[in-house]
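Breakdown of the fold
Here's the letter readout for the chains.
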Amino acid sequence: MNDLKQFYQTINERNLTPLWEVLDALVPPEPKTLIQPAIWHFEDIRDYILEAGQLVTAKEAVRRVLILENPAQQGQSRITQSIYAGLQLILPGEVAPSHRHSQTALRLVLDGEGAYTAVDGERTIMRHGDFIITPAYTWHDHGNEGNEPVIWLDGLDIPMVQFLEAGFMENAKEDVQTTTRPEGDALARYGSNMAPVDFKQDPNEPARIFVYPFAKTRSTLIALSNTDPDRHFGYKMRFLNPATGKSPIPTIGSFIQLLPAGYETAAYRATDSTVFACLEGSGVVEIAGESYAFNEKDVFVIPSWTHYRFQSTPDTFLFSFSDRPVQESLGLWREDKQ
């Protein structure tokens, strides 16, 4: 034993370590997540978000966001092991200045209307439930020309880019980018089962559509509700890049689902830790045997390979996102249906 201890000490000085001492941790029989289930009730934190608006301007902050940190990862600026999430506020008359970065972002409008996001020369008005994309390294700024505060959920692949040490960021010379295309241009060109005749896109490129209006996705789910619901998901759809059939964001999968009033799903788990936001309705999610009641605008996270199931109260619409596209591309993603 003393010889082995001395051996470990000697090889440690040469930056070596024995695999047999750490093999179980490196190659576990099943995922051992560091992420904990957590929920953020919007009514409990809205005042803090608005208070931030009185203390720092959107321009001073560049992006005035309160990060949703997983309780098991405090100080790491992440809600799962691979996803960052936060709640961003912009007040009437403000502009969050234009910049671009390697990280891809999604926005989900939770509270208020009248703000806009501009992406590479095109603006879109932000309406409740809209799913908006800022593809990697595209110029983007946010503004509020309405008369009420607007709060949205940000989701970014920051931890993934950080892990790969591949992040770049650049500030624009002007706070507000010049509008070069009318609102709805990208949706008309790429979101109507058509594309410009000479358009080509690789599967790993983000969608040219950068807004998926909630009004449209909601009506789609309602139309599907005339059929029998899936026992694990109710009525659940994944967002696509119509040009490739792949995820609109190569690193983040995005989903929308409807749970009919009083519906209870069967237990389910998958390897992708997933962030959920309730757009309409309310219910209870049971995660690893513990129940969490949620209402409209609440955000919660379910860790990797952890059983969960839903029970809705009224008709309930849930948006969710995860790193599933990355796991699928690497042959790692797995699910388990009870």
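In case you missed it, the structure is sitting above this.
A few points on the structure. (Residues numbered from 1 in each chain as written. Predicted model: local features only at pLDDT ≥ 70, side-chain atom pairs only at ≥ 80, totals over all residues. Heavy atoms only, no water.)

Let's talk about the overall build of the chain
Counting its regular elements, the chain contains eight helices and 22 strands. Relative to a compact globule of 338 residues, whose C-alpha radius of gyration would be 20 Å, the chain shows 22 Å and is just as compact. In the chain, which comprises 338 residues, the proportion classed as buried is 48%. Pairs at least 24 apart in sequence give 75% of the contacts found in the chain among residues at least 6 apart. If you sum the accessible surface of the chain, you get close to 17,200 Å²; carbon and sulfur atoms cover 51% of it. Of the side-chain charges in the chain, 29 are positive and 45 negative, and the distance between the mean point of each set is 5 Å. (Helix = DSSP H or I, 4+ residues; strand = E, 2+ residues; numbered from the N terminus. Rg over C-alpha atoms; globule rule 2.2 N^0.38 Å. Buried < 20%, exposed > 50% of the residue type's maximum accessible area, 1.4 Å probe, protein only. Contact = heavy atoms within 4.5 Å. Areas by Shrake-Rupley, 256 points an atom, 1.4 Å probe, with all protein chains shown as cover. Lys, Arg positive; Asp, Glu negative; His and termini not counted. Charge placed at Lys NZ, Arg CZ, Asp CG, Glu CD.)

Thoughts on the nonpolar core
By size, the foremost hydrophobic cluster in this structure holds 55 residues, and its most contacted members are L68, I79, L87, L153, L279, F319 and F321. When neighbours within four sequence positions are excluded, L279 is seen to be in contact with L108, V109, L110, H128, G129, F214, I256, E296, F317 and F319. Counting 18 residues, the second-largest nonpolar core is a separate cluster that includes L259, Y268, Y292 and F294. (Core = buried A, V, L, I, M, F, W, Y, C linked by side-chain atoms within 4.5 Å.)

Overview of the pairing of strand β7 (residues 122–125)
Residues E122 and T124 line the buried face of β7, whereas the alternating positions R123 and I125 sit on a face that is not buried. Here strand β6 (residues 115–119) runs beside β7; their pairing, made up of four bridges, is antiparallel. Across the sheet, residue A118 finds its bridge partner in β7, namely R123. Where β6 folds back on β7, the antiparallel hairpin that results is connected by two residues, among which D120 adopts a positive phi of roughly 45 degrees. (Pairing = 2+ DSSP bridges.)

Description of the sheet that holds strand β14 (residues 253–259)
Spatial ordering of the open sheet is given by β1-β19-β16-β21-β14-β13, a layout of six strands whose pairing is antiparallel. Every interior strand has two partners, whereas the edge strands, β1 (38–40) and β13 (235–238), have only one. Going across the sheet, the axis of each strand differs from the next one's by a mean of 20 degrees, ignoring polarity. Pairing analysis gives six bridges linking strand β16 (residues 274–280) to strand β21 (residues 316–322), with the strands arranged antiparallel. Looking across to β21, one finds that C278 is bridged to L318. Across the sheet, helix α7 (residues 214–224) touches β13, β14, β16 and β21, and the angle it forms with β14 is around 50 degrees. (Axes fitted to C-alpha atoms, helices over the stretch in contact; angles between N-to-C directions.)

Some points on the pairing of β16
A large share of β16 lies buried, amounting to six of its seven residues. The pairing of β16 with strand β19 (residues 299–302) spans four bridges and is antiparallel. Looking at β19, one finds that F276 is bridged to F300.

As for α7
Of all the positions in α7, only F214, T217 and L221 are classed as buried. Viewed end-on, α7 has its buried residues packed into an arc of 70 degrees, placing them on one side of the element. Across α7 from its buried face, at more than 90 degrees, point the exposed residues A215 and K216. Buried positions along α7 lie against β12 (211–212), β13, β14, β16 and β21. (Arc of directions from axis to C-beta.)

Everything listed is a geometric property; what it means functionally is a separate question.
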